[in-house]
Amino acid sequence: MKALSKICGLRISALIVVVALSGCTTAPNDRFTENRDPYENTNRKVFAFNTKVDDYVIEPAAKAYLQLPDRGQMMLTNFAGWTSLPSTAVNSTMQGDVENAAIGTFEFLINGLTLGFADLTGDVDTPRRTNFDDTLSYYNIGQGSYVVLPLLGPGTVRSHSGFVVDSITNPLNFAATPAAANITAVNTPVRVVTFRGNNFEYINEVKYQSLDAYARTRSIYLQYDYANEIDASENYEDEFDSFIETLE
Amino acid sequence: MHRHLHICRDAIMRILVGLALGFMLTSAAYADRTDEAAKMIETLVAEIQDIAATVTIGDYIYKQSDDIIDRYFKYETLASFTIGPYWRKASDAQRQRYLKTFRAVVVEQAANNFDYFRSLEYHFQSSEKKGENWIIVNGIVHDKTGKYPDAAISWRINDMPGQDLYIFDLSFENVSMILTQKDENMAVIRQNKGNLDALIDLLAKRSEELRQARLRN
């Protein structure tokens with residue numbers, strides 16, 4: 001029965017991805033954020049909702065995380081990184097990077113001795129973290145429109161689709177042990193809280209000190225995302241050059 | 001025949017000398033200023049760290065930040081970039097008001113963040129020409145407290161022949177400060193149906209909040 005529901009989950013996720021990715025080709029891959037955000041009105045409402053969730057749940061949880069001793073914070077951050085290693089291995093394989101997949105698997109197995117709370121491998125052969133979003137990028141699938149989803153936050157059609165696929169296809173989901181089920185259950189909340197805590201001041205600066213926190217978040221997200229795309233920086237060059245040429 | 005050869009040799013020599021002179025003149029016009037740009041950034045960073053290490057009085061830090069903007073940036077050019085096409089549409093009065101309020105926010109933000117500069121170290125990595133108009137100086141920012149991981153930093157320097165170098169932009173981990181500011185400003189204007197005054201009012205409010213915060217510290 002469990003296996004059947006997993007298969008159903010996979011089919012649903014595949015369907016979501018196919019539907020979502022059909023939108024990836026429609027939005028232009030340019031930097032101009034307004035063009036990338038055709039659902040701005042809806043996105044702003046979802047952003048406002050997420051900000052409330054952050055006010056009442058995530059920011060207080062991140063504050064509590066920051067009250068932990070350094071060692072405790074490190075253990076939770078290690079755990080969050082460890083749970084993503086199976087996805088790194090799977091996606092590295094799909095990207096043809098077998099060596100990275102092997103390093104990811106090795107690190108997952110070794111650190112698994114402590115359930116990921118300790119980093120036993122240190123800095124030796126650290127795998128390049130990758131996910132299904134990167135895999136789609138590897139196969140030249142465009143990012144699609146900018147979309148803010150409830151609880152998941154800002155992203156593009158492609159990155160959100162990638163997140164759904166990574167969540168469902170993570171090999172931890174298929175391990176039929178109570179420990180694996182517990183890890184899966186706490187995985188996302190731990191990742192959210194450690195991310196928020198590890199970037200506490202940056203995020204608070206955007207949240208509390210912006211003229212328009214939505215626009216600032218969108219700009220930062222899209223610029224950061226573009227940095228990972230081939231030739232994306234050339235979009236910036238055009239914008240800078242055309243401005244400077246008007247001054248001449 | 002002999003005379004013919006002489007004329008031919010003279011002509012070739014003249015062409016070669018002409019080409020050499022032309023090459024030298026072009027090289028002078030497009031002199032490589034990548035080292036100068038890197039040096040400028042190192043001087044700026046040293047100056048900031050000097051101020052951060054020795055001064056704690058808010059008003060003095062504000063004045064120093066204001067002075068740094070004049071010496072290393074071309075403020076009016078940067079400010080006009082941050083509102084895109086709305087700069088051309090703005091009246092003179094609006095432009096003056098925008099320049100004043102935007103500057104107040106930038107300087108207050110810099111003055112409020114001076115504490116943060118105290119724990120930072122800058123390590124130069126490379127300086128390279130990008131296109132005709134720019135030099136990019138790359139470095140790493142290292143937080144001595146270990147609180148933050150190392151971050152890649154890039155300075156975009158305007159390099160127009162015959163003009164002084166000036167800083168146009170600063171990027172952290174490929175996120176450009178000036179593009180972020182421009183996107184935010186433009187979004188505020190658009191949300192207010194193209195009204196530049198709405199942005200200026202918001203900036204005035206923000207600079208006052210930052211000033212109060214600086215005075216409290």
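Residues numbered from 1 in each chain as written. Chains lettered and ligands numbered in written order. Predicted model: local features only at pLDDT ≥ 70, side-chain atom pairs only at ≥ 80, totals over all residues. Heavy atoms only, no water.

1. Structural notes on the packing of aromatic side chains
All names here are of chain B.
So, step 1. By the definition in use, this model includes 18 aromatic pairs over all chains.
So, step 2. Taking 5.3 Å as the distance between ring centres and 70° as the angle between the ring planes, the aromatic pair formed by phenylalanine 81 and phenylalanine 168 counts as edge-to-face. With phenylalanine 81 in helix H4 (residues 75-81) and phenylalanine 168 in strand E4 (residues 166-172), this pair connects stretches of sequence that are 87 residues apart.
So, step 3. Given the relative accessible area of 2%, phenylalanine 81 is considered buried.
So, step 4. Note on tyrosine 98 and phenylalanine 102: the rings are 5.4 Å apart at their centroids and 10° apart in plane angle, and the pair reads as stacked. Note that tyrosine 98 and phenylalanine 102 are positioned in helix H6 (residues 92-112) at a spacing of four residues, about one turn of the helix. (Phe/Tyr/Trp six-rings, centres within 6.5 Å; stacked < 30°, edge-to-face > 60°. Helix = DSSP H or I, 4+ residues; strand = E, 2+ residues; numbered from the N terminus. Buried < 20%, exposed > 50% of the residue type's maximum accessible area, 1.4 Å probe, protein only.)

2. Focus on the interface of chain A and chain B
So, step 1. In this assembly, 31 residues from chain A lie in contact with 36 residues from chain B.
So, step 2. Summed over both sides, the interface between chain A and chain B buries roughly 2900 Å², with carbon and sulfur atoms accounting for 54% of that surface.
So, step 3. On the chain A side of the interface with chain B, the three residues burying the most area are Leu211(A), Phe240(A) and Phe243(A), jointly 25% of the side's total.
So, step 4. The interface formed by chain A and chain B includes two salt bridges.
So, step 5. Taken together, chain A and chain B are joined by 13 residue pairs in polar contact (both at pLDDT 80 or more).
So, step 6. At the level of secondary structure, the elements contributing two or more residues to the side of chain A that touches chain B comprise helix H2 (40-67), helix H9 (200-209), helix H10 (213-227) and helix H11 (233-247) of chain A.
So, step 7. Of all the elements, H11(A) adds the most residues to the side of chain A that touches chain B, at 11 residues.
So, step 8. Class assignment of the residues belonging to the side of chain A that touches chain B gives a composition of 11 nonpolar, six polar and 14 charged. (Contact = heavy atoms within 4.5 Å. Buried area = accessible area lost by both parts, 1.4 Å probe. Salt bridge = Lys/Arg side-chain N within 4 Å of Asp/Glu carboxyl O. Polar contact = N/O pair within 3.5 Å; in protein donor to acceptor, adjacent residues only side chain to side chain. Nonpolar A, V, L, I, M, F, W, Y, C, P; charged D, E, K, R; others polar.)

3. Structural notes on the nonpolar core
All names here are of chain B.
So, step 1. With 24 residues, the main nonpolar core has Ile41, Leu44, Tyr122, Val137, Trp155, Ile157 and Ile167 as its most contacted residues.
So, step 2. Secondary structure elements with two or more residues in this core: helix H2 (34-54), helix H3 (58-72), strand E1 (120-130), strand E2 (134-143) and strand E3 (151-158).
So, step 3. Here isoleucine 167 is in contact with Met40, Ile41, Leu44, Tyr72, Phe73, Lys74, Leu78, Trp155, Arg156 and Ile157, once residues within four sequence places are set aside.
So, step 4. By size, the runner-up hydrophobic cluster in this structure holds 21 residues, among which are Tyr75, Met186, Val188 and Leu203. (Core = buried A, V, L, I, M, F, W, Y, C linked by side-chain atoms within 4.5 Å.)

4. Describing the side chain of Thr217(A)
All names here are of chain A.
So, step 1. Looking at the secondary structure, you find threonine 217 in helix H10.
So, step 2. Threonine 217 sits in the buried class, given a relative accessible area of 17%.
So, step 3. If sequence neighbours within four positions are ignored, threonine 217 has contacts with Phe47, Tyr146, Pro154 and Val206.

5. Considerations on helix H8 (residues 177-191) of chain B
All names here are of chain B.
So, step 1. Over its 15 residues, H8 extends 21 Å from the first C-alpha to the last, a length consistent with the 21 Å expected when each residue adds 1.5 Å.
So, step 2. Judged by how many residues are buried, H8 sits mostly within the fold: 12 of 15 residues are covered.
So, step 3. Within the sequence span of H8, burial applies to Ile178, Leu179, Thr180, Gln181, Lys182, Asp183, Glu184, Asn185, Met186, Ala187, Val188 and Ile189. (Expected span 1.5 Å × (residues − 1).)

6. Quick look at the environment of Phe79(A)
All names here are of chain A.
So, step 1. By secondary structure assignment, the location of phenylalanine 79 is in helix H3 (residues 70-83).
So, step 2. Accessibility expressed as a relative area gives 4% for phenylalanine 79, which makes it buried.
So, step 3. The spatial distance from the C-alpha of phenylalanine 79 to the C-alpha of threonine 114 is 9.3 Å, given a sequence separation of 35 residues.
So, step 4. Residues within four places of phenylalanine 79 in sequence aside, it is in contact with Leu115, Gly116, Phe117, Ile183, Val186, Asn187 and Val190.

7. Regarding the sheet that holds E2(B)
Residues and elements named next belong to chain B.
So, step 1. Across the sheet, five strands lie side by side as E1-E2-E3-E4-E5; this open sheet has antiparallel pairing. The outermost strands of the open sheet, each flanked by one partner alone, are E1 and strand E5 (175-176).
So, step 2. Lying on the sheet, H2 is in contact with E1, E2, E3 and E4; it crosses E1 at an angle near 160°. (Pairing = 2+ DSSP bridges. Axes fitted to C-alpha atoms, helices over the stretch in contact; angles between N-to-C directions.)

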